[in-house]
Amino acid sequence: MKGIVFTEFLELVENKFGLEMVDTIIINSDLKSNGVYTSVGTYSFSEMLQLLTHLSEHTGISKDDLLLTYGEHFFGVLEVSYPELLSTYNDPMEMISSIENHIHVEVKKIYPDAELPTFEIVKKTANSLIMIYKSSRAMHHFGLGLMKKTFEYFNVISEIKLKKLNAQGTRVEFNISTHQ
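Per chain, the residues get numbers from 1 upward, laid out in the order the sequence is written. Per-residue local features of the predicted model are confined to residues with pLDDT of at least 70, and side-chain atom pairs are confined, for both listing and counting, to 80 or more; whole-chain, interface and lining totals are unaffected and use all residues. For the side-chain quantities, the full set of heavy atoms in the structure was used; hydrogens and water were omitted.

(A) How the structure looks around the overall build of the protein. We count a stretch as a helix when DSSP gives it H or I for four or more residues in a row; a strand needs E for two or more, and each element gets its number in order from the N terminus. A tally of regular secondary structure across the protein gives eight helices and four strands. Seen in sequence order, the protein has helices and strands lined up from the N terminus as α-α-α-α-α-α-α-β-β-α-β-β. With the radius of gyration taken over C-alpha atoms, the globule rule is written as 2.2 Å times the number of residues to the power 0.38. Taking 180 residues into account, the globule formula puts the C-alpha radius of gyration at 16 Å, and the protein, at 16 Å, falls close to it. Along the longest, intermediate and shortest principal axes, the C-alpha atoms of the protein span 50 × 35 × 25 Å. Split into buried and exposed, the 180 residues of the protein put 46% on the buried side. Burial classification: accessible surface area is computed with a 1.4 Å probe over protein chains only, and a residue below 20% of its type maximum counts as buried, one above 50% as exposed, and the rest as partly exposed.

Encoded structure:
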């Protein structure tokens, strides 16, 4: 997992819960990196899982809700760091439906060894989108946060429903509709 995911996660934790919480979750985790991350480094997903689990335990907030909040935060990072990518699109449905064939292609140019989830478009109309998320990491709520912020960015009201297609959450259906 790319280091930017870790550095931004710890920044979010510091902003929302304080530096002491950052120290607490790092100390309580068995991290090969010792909790020292660079944005361009690559680290084990197990480290993120440990940090997330300990944050959930110490705050009483579910991992899914923390990932949702983190996804919303990360959209802000993309907005500041990659405005040209966002300006490529005129509408959120077009942007979200192009995750696999455009956005992830661009991410791979910057981070060639990034392990990204896949998104399969099942059905797309002008006001609806059904797609399947696949990832061994089951971070679909992170994706949900990114999607919610995408619609906010374009000032479009949406409804996003997700349905786990397996118990682990490694396959999830996103059913998205907009209300113009």
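Having seen the model, we can carry on.
(B) Structural context of the sheet that holds strand β2 (residues 128-134). Pairing in this open sheet of four strands is antiparallel, and the strands run β1-β2-β4-β3 from one edge to the other. Bordering the open sheet on either side are β1 (118-124) and β3 (157-164), each of which pairs with just one other strand. Pairwise comparison of adjacent strand axes, ignoring direction, gives a mean angle of 20° for this sheet. For two strands to pair, DSSP has to find at least two bridges joining them. Summarising the sheet, β2 and strand β4 (residues 171-179) pair through seven bridges and their orientation is antiparallel. Each bridged residue has a counterpart across the sheet, and for Tyr133 the counterpart in β4 is Val172. The strands touched by helix α8 (residues 140-153) are β1, β2, β3 and β4; relative to β3, the strand with the most contacts, the crossing angle is about 170°. Angular values range over 0 to 180 degrees, each being the angle between N-to-C directions of two axes fitted as lines to C-alpha atoms, with helices fitted over their stretch in contact. It only takes one pair of heavy atoms within 4.5 Å for two residues to be counted as in contact.

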